[in-house]
Structure formats: C-alpha cells, structure tokens
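Letter by letter, the chains look like this.
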Amino acid sequence: MHSPAEELRKLQAEGLLRGLQPLDSPAGPRVSRGGRAMWNFASNDYLGLARHPEIEAALIEGVRRFGAGAAASRLVCGTLPPHRLLEEALAEAKQTAAALVFSSGFATSLGVIPAVAGKGDFVLLDKLCHACLVDAARLSGATLRVFPHNDLHKLARLLSSIRAKEPHARILVATESVFSMDGDLCPLREIVDLTENHGALLLLDEAHGFGVLGSHGMGLAEREGLQQRVTFQMGTLSKAAGLSGGYVAASREWIDLLVNRARPFIYSTAPPPALAHAALHSLTLIRSDEGAALRAKLRENIARIADSPTPVIPRVLGTNEAALSAAAALADTGFMVPAIRFPTVPRGSARLRISLSAAHPPEAIAALKAALEATLVPL
Ligand SMILES: Cc1ncc(COP(=O)(O)O)c(C=O)c1O
C-alpha cells in the first residue's frame, strides 16, 4: 500500500500536485495573495456580483430576518420562506413548473442524476463534462456512455443503438451549455432534437451560462428559446450569481420525485436561509436591466481580448510544466491566471484558463494582454 507521502511525491513528479493558495483579501477583480496585489482572472464572478453592495446587503438582511442557519434538512423543518421564494422565482425565470435548490452545483448533480437514472438505464455524457456530472453518472449505477466532445453523429448513433436494444430504458443525456474549461458552447438545438426523437431526457448544466447568456441571463437554453424542451435545467448560484448553491428547474413531477429521491437534498441540512434570500436578490438583479447592462459590459470586456462567445478563455499549452511556468510568470507580473491540469482537463492539454468579469476595468485587460504576449503565450 502506498503512503500518502509517496502519492504526494508522485503527483509532484508529474507536475500534478495542488496546494491551497489563500488570498489575504476578499474576492474581486483586484485581490491580494502573499501580500501582493494582483488582477484576478481566475474566478467565476462573471458579473461582479460577489462584491455587489446590494447582494452583500441582502445576505446581511437575510441573516437578520431568518437567522444564521436552517438548523434542519429541507424535508424536516429546514424549508424557510426564502427557500420557497427562491425556488418559485427560479421556476418562473426558467419557464418550468418547479425548481429545487441544493447546497452546491456539485450536490445538485449528485442528487439529480442518480435519482433519475439507475440500474438498467443509460447516462450519456459529453467527454468534457464536469467532474460532478461524471461522478453522479457513476454513482447512479446506470450504464455510462461517453461521446466525443459535441459530436452529434456519435451521440445520434449511441441513442439509436441503445433505443433499438432497450425500447423502455430511461436514457439521460447530460451536457454543459458552456464548457467550463474550454469556454465553448454545446449545439443545444441539435441535442434537444436528438433527445426528443429518441425518447431520451436531457440535463443541461448551465453553471457557466447562468447570468451570462440569454437576454435575461437564464443561459443558453433561454438564448436559444429552448427552456421548455430541456428536461432538467441545472446550474449553480456560485458563479455569476456571486454566492453559493445549486439549482435544478424541471416539471412539477420531476421536482416532486427529486424531493423524494435526491439524497444530497434529503440527507443534508438546508442551505442557510440568508443565502437563499441573497440568491433571490441576485436572480432578480441578473434578470433586470442592470443585469443586461452588466452582460453588455462583460461582452465588451471579452472582445478586448478574444473572439469568444463566453468569458472563459483557455490557452492550451500542452504540458503541465508549460502551464505551471506560464501561470507563475504571470503571477510574478501581478496577474492571477490558473494553470489547469489533469484530471480537470485531459492529459496533454494543460492550459491557462482566463476568466473575465464585467467588474474588470479595461486597463486590467489590456495589461493582461500585454503580459501574455511578454510571457510568449499570446491568445
Ligand atoms: C460545469 C460545472 N458544473 C457544476 C459545477 C459545480 O458547481 P458548484 O461550484 O456550485 O458546486 C461547476 C463548478 O464548480 C462547473 O464548472
């Protein structure tokens, strides 16, 4: 048996060792780490709401009105007014009959997929799906099939061959609207058509689309007018919404079933009601004219550095060492840009992942562009 020290040495030798790098400031576009001020291009605060005065005030107000914690799981006595109001507002925004919130996006996936699919069923995942979708699919006990990234032909072939053999099995296709480490979009309309034509269910993880895409910020499904054709619109309140938590929006029957079957929902203390209260404010802001103005600002910021439909901008460098040394060189000049390595991305595709926010001032983006060129990794 290997000792933890041996495992750590192996990770170190492969350039895969991770360690915490605490900030000594709050989150935001300008942060401090190890006593040094840096421009932060590493977080997912796409609209700058993590430091928005109204959202901070809502969190404080939520504590005053509803206390510090929920003190019980949702099904026991942990459902308080803000949970209910947030779920109603999410359902309305997502054009579904109902919605359910979880303590994180990861917990949402672990709750939904095993509740929907089990032994004898099939879960089909895009190759680049986030770890929470992969782990949930494995946990479900369903047969897992992975299709190459955004490969509609392969997905169609898989769906037809499974349907031909298993006319009654549940088939769940899970994919992301905005891929978290690549920043590209899934071909949603074609995927919706394929799932409908094969009697399959569709789970769309809008973790990086929520707040960012669509005229009201409800994600790619809103932008494409497809909200009512996606079985499960899932996402997180921890990125553009600036807080933490996860959600799924679906039909009333599916949500009622999740209330009965989604284990991270049932067997975990409810998220603090103050958080739900603040998330409701965040959702309202995202859908408002101010939210639309922040999205316009974000698009302007993206255009300053890349031709990308999303604020996630990867620069694939290949080896772990290349990504680590580029990130270290950028850090030395005052820019926080993470080196993303296996298993977050496939081996051999280590990269810098730049994430932009509406809160970045134009001069910070111009300075990052110059620093990337000086580090010999221009976009
Ligand atoms: C695509 C995707 N889904 C789900 C999650 C999990 O969300 P959370 O951070 O709220 O657990 C993340 C990121 O963390 C993500 O990138």
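Residues numbered from 1 in each chain as written. Predicted model: local features only at pLDDT ≥ 70, side-chain atom pairs only at ≥ 80, totals over all residues. Heavy atoms only, no water.

### Section: the layout of surface pockets
- By volume, the largest pocket is sized at about 940 Å³.
- Lining of the largest pocket is provided by 41 residues; of these, Q21, A42, P338, A339 and I340 occupy positions nearest its centre.
- For the lining of the largest pocket, the secondary-structure elements that each account for two or more residues are α5 (105-116), β8 (232-236), α14 (320-332), β11 (335-336) and β12 (339-340).
- Here the residues of the lining of the largest pocket sort into 20 nonpolar, 14 polar and 7 charged.
- Two domains each donate at least three residues to the lining of the largest pocket, and these are domain 1 (20-46 + 311-374) and domain 2 (53-286). (1 Å grid on protein atoms, 1.4 Å probe; cavity = no way out; pocket = protein on both sides within 12 Å on 5 of 7 lines; lining within 4 Å. Points joined across faces, edges and corners; volume = space filled by probe spheres on them. Helix = DSSP H or I, 4+ residues; strand = E, 2+ residues; numbered from the N terminus. Nonpolar A, V, L, I, M, F, W, Y, C, P; charged D, E, K, R; others polar. Domains from an automatic or database assignment.)

### Quick word on the nonpolar core
- Of all hydrophobic cores here, the largest spans 83 residues; its most connected members are F41 and L124.
- Residues from two domains meet in this core; each of domain 1 (20-46 + 311-374) and domain 2 (53-286) gives at least three.
- With sequence-adjacent residues up to four places away left out, F41 is seen in contact with F335, M336, V337, P338, R353, I354, S355, L356, H360, A364, I365 and L368.
- Of all hydrophobic cores here, the second largest spans 32 residues; its members include A117, L125, A136 and A142. (Core = buried A, V, L, I, M, F, W, Y, C linked by side-chain atoms within 4.5 Å. Buried < 20%, exposed > 50% of the residue type's maximum accessible area, 1.4 Å probe, protein only. Contact = heavy atoms within 4.5 Å.)

### Concerning the pattern of salt bridges
- Overall, the coordinates contain 12 salt bridges when judged by the stated rule.
- Between E196 and R229 there is a salt bridge, with its nearest N and O atoms 2.8 Å apart. With E196 in helix α8 (residues 188-197) and R229 in the loop between α9 (220-223) and β8, the pair connects residues that are 33 residues apart, well separated along the chain.
- For R229, a relative accessible area of 31% corresponds to the partly exposed category. (Salt bridge = Lys/Arg side-chain N within 4 Å of Asp/Glu carboxyl O.)

### Some words on the site of the ligand
- Taken together, 14 residues lie near the ligand, and G105, D205, H208, T236 and K239 sit nearest.
- In the environment of the ligand, a nitrogen atom lies 2.5 Å from a nitrogen or oxygen atom belonging to the side chain of D205.
- Within the side chain of K239, one N or O atom sits 2.9 Å away from an oxygen atom of the ligand.
- Alone, the ligand offers 390 Å² of accessible surface; in the complex the protein occludes 84% of this.
- Applying the majority rule of atoms within 2 Å of the grid points places the ligand in the largest pocket.
- Residue classes in the shell around the ligand are distributed as 3 nonpolar, 8 polar and 3 charged. (Near = heavy atom within 4 Å. Polar contact = N/O pair within 3.5 Å; in protein donor to acceptor, adjacent residues only side chain to side chain. Areas by Shrake-Rupley, 256 points an atom, 1.4 Å probe, with all protein chains shown as cover. Sits in = over half its atoms within 2 Å of the grid points.)

### What about the domain arrangement of the protein chain?
- Structurally, the protein chain comprises domain 1 (20-46 + 311-374) and domain 2 (53-286).
- The gap between the C-alpha centroids of domain 1 and domain 2 is 27 Å.
- With 12 residues of domain 1 at the contact, the number on the domain 2 side is 11 residues.
- Buried area between domain 1 and domain 2, summed over both chains or domains, comes out near 920 Å², and the portion from carbon and sulfur atoms is 62%.
- When the buried area of domain 1 at its contact with domain 2 is split by residue, N44, Y46 and V312 rank highest and sum to 43% of it.
- Inspection of the region where domain 1 meets domain 2 yields 1 salt bridge.
- Scanning the region where domain 1 abuts domain 2 turns up 4 residue pairs in polar contact (both at pLDDT 80 or more).
- For the side of domain 1 that touches domain 2, the secondary structure elements donating two or more residues are β10 (312-318) and β13 (350-355). (Buried area = accessible area lost by both parts, 1.4 Å probe.)

### Notes on the sheet that holds β8
- Spatial ordering of the open sheet is given by β3-β9-β8-β7-β6-β4-β5, a layout of 7 strands whose pairing is mixed. The sheet is open, and its two borders are formed by β3 (98-102) and β5 (143-147), each paired with just one other strand. Put simply, the sheet's adjacent strands are angled 20 degrees from each other on average, direction ignored.
- As paired strands, strand β4 (residues 122-126) and β5 are joined by 5 bridges and run parallel to one another. Its bridge partner being in β5, L125 is matched across the sheet by V146.
- Strand contacts of helix α6 (residues 131-140): β4, β5, β6 (171-176), β7 (201-205) and β8, with the helix running at about 165 degrees to β4, the strand carrying the most contacts. (Pairing = 2+ DSSP bridges. Axes fitted to C-alpha atoms, helices over the stretch in contact; angles between N-to-C directions.)

### Section: the state of the cysteines
- Scanning all chains against the criterion turns up 0 disulfides.
- Left without a disulfide partner, C186 is nearest to the cysteine sulfur of C129, which lies 9.2 Å away.
- Judged by relative accessible area, which is 6%, C186 ranks as buried. (Disulfide = S-S within 2.5 Å.)

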